[in-house]
Structures are given as structure tokens and as C-alpha cells.
Amino acid sequence: MQGCVAVPVRNKYGNIIAAISITSIKEYMPLERMNELIPILKKFSDNISKSIN
């Protein structure tokens with residue numbers, strides 16, 4: 001079984017122009033850990049979005 005976490009990168013108009021994702025199989029990264037990564041990815045996505053606008 002696989003798990004994936006993805007967040008959008010947006011331009012100054014709010015349009016999605018890219019995405020950041022992490023994918024792993026359950027044996028290497030449990031679902032709980034994937035869920036812990038969501039706020040971390042959101043933070044990076046927000047920082048990238050702000051820097052390109």
C-alpha cells in the first residue's frame with residue numbers, strides 16, 4: 001500500500017502552478033507519519049508561493 005501527501009504552489013493570483021509531494025509505501029512510512037508531514041509541506045508551499053509573487 002502507498003501513501004501520498006501533496007500541497008499546491010500558487011502564483012500571486014492564487015492559481016496552482018506546481019505541487020510538492022511525498023510518496024512512500026506503508027512499510028517505509030506509516031500513515032501517521034505521512035499525516036505529520038502535511039503541516040510541514042504546507043509551510044514550505046506557502047513560503048515558495050510567497051517568494052515567487
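Residues numbered from 1 in each chain as written. Predicted model: local features only at pLDDT ≥ 70, side-chain atom pairs only at ≥ 80, totals over all residues. Heavy atoms only, no water.

Would you mind going over the overall build of the chain with me for this structure?
Within the chain, the secondary structure is distributed over one helix and two strands. Listing every helix and strand of the chain by position from the N terminus yields β-β-α. The C-alpha atoms of the chain give 13 Å as radius of gyration, which overshoots the globular expectation for 53 residues (10 Å, by more than 25%). Expressed along its principal axes, the backbone C-alpha trace of the chain runs to roughly 40 × 15 × 10 Å. In the chain, which comprises 53 residues, the share counted as buried stands at 21%. Sequence-distant contacts, at least 24 apart, represent 39% of the contacts inside the chain between residues at least 6 apart. Counting every atom, the chain has about 4100 Å² of accessible surface; 57% of that belongs to carbon and sulfur. Averaging the locations of the 7 positively and 4 negatively charged side chains of the chain gives two centres separated by 13 Å. (Helix = DSSP H or I, 4+ residues; strand = E, 2+ residues; numbered from the N terminus. Rg over C-alpha atoms; globule rule 2.2 N^0.38 Å. Buried < 20%, exposed > 50% of the residue type's maximum accessible area, 1.4 Å probe, protein only. Contact = heavy atoms within 4.5 Å. Areas by Shrake-Rupley, 256 points an atom, 1.4 Å probe, with all protein chains shown as cover. Lys, Arg positive; Asp, Glu negative; His and termini not counted. Charge placed at Lys NZ, Arg CZ, Asp CG, Glu CD.)

Whenever I open this one, the side chain of serine 24 confuses me. Can you help?
Here serine 24 lies in strand β2 (residues 16–25). The exposure class assigned to serine 24 is buried, which follows from its relative accessible area of 13%. Setting aside residues no more than four positions away along its own chain, serine 24 makes contact with Met1, Gln2, Gly3, Met29 and Met34.

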